[in-house]
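# Examining the three-dimensional arrangement
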Amino acid sequence: MERTLLMIKPDAVEKNAIGRIISMVEENGFRVVGLQSKHFSREEAERFYEVHRGKPFFNSLVDYITSGMVVGVMLEREDAVRKLRELVGATDPREARLGTIRAVFGESIERNAVHASDSPENALRELSFFFR
Ligand code: CMP
């Protein structure tokens, strides 16, 4: 059974969507095996999004992700990484398939409600920010 990280971002927390997002993943065959809220420091946010350092949106991304609480959700199912990315939808909510989490809750390419790990290796790395 594979594990992955879903991170519910500050825009979705602010609009009281935590429960509805977790319902969507549960209804799609995932089991919640860990749940942890936190407020990222700048240093942690920069490390979490390390691969995007130097990109034009990096500073704004770090401002946004440190602007409020985020929720780390450890999820389990077969093929979890791939299946979760399908359910999350495209980075830009305007391009996300109907019924995906970002199509329902995303506001913009930055404020796009959730993050999902893009490989099993990154899932392990990203889960370690929330769970020991
Ligand atoms: P996420 O999947 O968490 O990965 C990187 C994040 O950077 C992305 O979601 C968005 O929140 C943010 N972002 C802002 N602008 C862009 C962009 N032009 N391309 C990709 N990601 C962006």
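Our subject is the structure listed above.
Below is a short write-up of the structure. (Residues numbered from 1 in each chain as written. Predicted model: local features only at pLDDT ≥ 70, side-chain atom pairs only at ≥ 80, totals over all residues. Heavy atoms only, no water.)

## Let's talk about the overall build of the protein chain
Along the backbone of the protein chain there are 7 helices and 4 strands. Reading the helices (α) and strands (β) of the protein chain from amino to carboxyl end gives β-α-α-β-α-α-β-α-α-β-α. For the protein chain, the C-alpha atoms occupy an extent of roughly 35 × 35 × 25 Å along the three principal directions. Considering the protein chain as a whole, with its 132 residues, one finds that 48% of them fall into the buried category. Sequence-distant contacts in the protein chain: of pairs separated by 6 or more residues, those separated by 24 or more amount to 75%. (Helix = DSSP H or I, 4+ residues; strand = E, 2+ residues; numbered from the N terminus. Buried < 20%, exposed > 50% of the residue type's maximum accessible area, 1.4 Å probe, protein only. Contact = heavy atoms within 4.5 Å.)

## Here's the deal with the pairing of strand S1 (residues 2-8)
Burial analysis of S1 places 5 of its 7 residues in the buried class, which makes it a mostly covered element. The sheet contact formed by S1 and strand S3 (residues 70-77) spans 7 bridges and is antiparallel. Directly across from Glu 2, in S3, lies its bridge partner Arg 77. In the sheet, S1 pairs with strand S4 (residues 114-116) via 3 bridges, with the strands oriented antiparallel. From the neighbouring strand, Ile 8 faces S4, where its bridge partner is Val 114. (Pairing = 2+ DSSP bridges.)

## Looking at the side chain of Glu 126
With respect to the helices and strands, the residue Glu 126 is situated in helix H7 (residues 120-127). Buried and unpaired, Glu 126 has no salt bridge, with Arg 125 as the nearest side chain of opposite charge at 4.3 Å. The residues touching Glu 126, leaving out its near neighbours within four places in the chain, are Leu 5, Phe 48, His 115 and Ser 117. (Lys, Arg positive; Asp, Glu negative; His and termini not counted. Salt bridge = Lys/Arg side-chain N within 4 Å of Asp/Glu carboxyl O.)

## A word on helix H5 (residues 80-88)
Taken as a whole, H5 has its buried residues at Ala 80, Val 81, Leu 84, Leu 87 and Val 88. Down the axis of H5, the sector holding all buried residues measures 130 degrees, keeping them to one side. Contact partners of the buried residues in H5: S1, helix H2 (18-27), S3, helix H6 (101-105), S4 and H7. (Arc of directions from axis to C-beta.)

## Quick notes on the site of the ligand
Around the ligand, a shell composed of Lys 9, Tyr 49, His 52, Phe 57, Leu 61, Thr 91, Arg 102, Ile 109, Glu 110, Asn 112 and His 115 is seen. The contact in question runs from an oxygen atom of the ligand to an N or O atom on the backbone of Glu 110, over 2.8 Å. For the ligand, whose unbound accessible area comes to 450 Å², protein coverage reaches 80%. Taken together, the residues that form the shell around the ligand break down as 4 nonpolar, 4 polar and 3 charged. (Near = heavy atom within 4 Å. Polar contact = N/O pair within 3.5 Å; in protein donor to acceptor, adjacent residues only side chain to side chain. Areas by Shrake-Rupley, 256 points an atom, 1.4 Å probe, with all protein chains shown as cover. Nonpolar A, V, L, I, M, F, W, Y, C, P; charged D, E, K, R; others polar.)

Read these as geometric descriptors, not functional statements.
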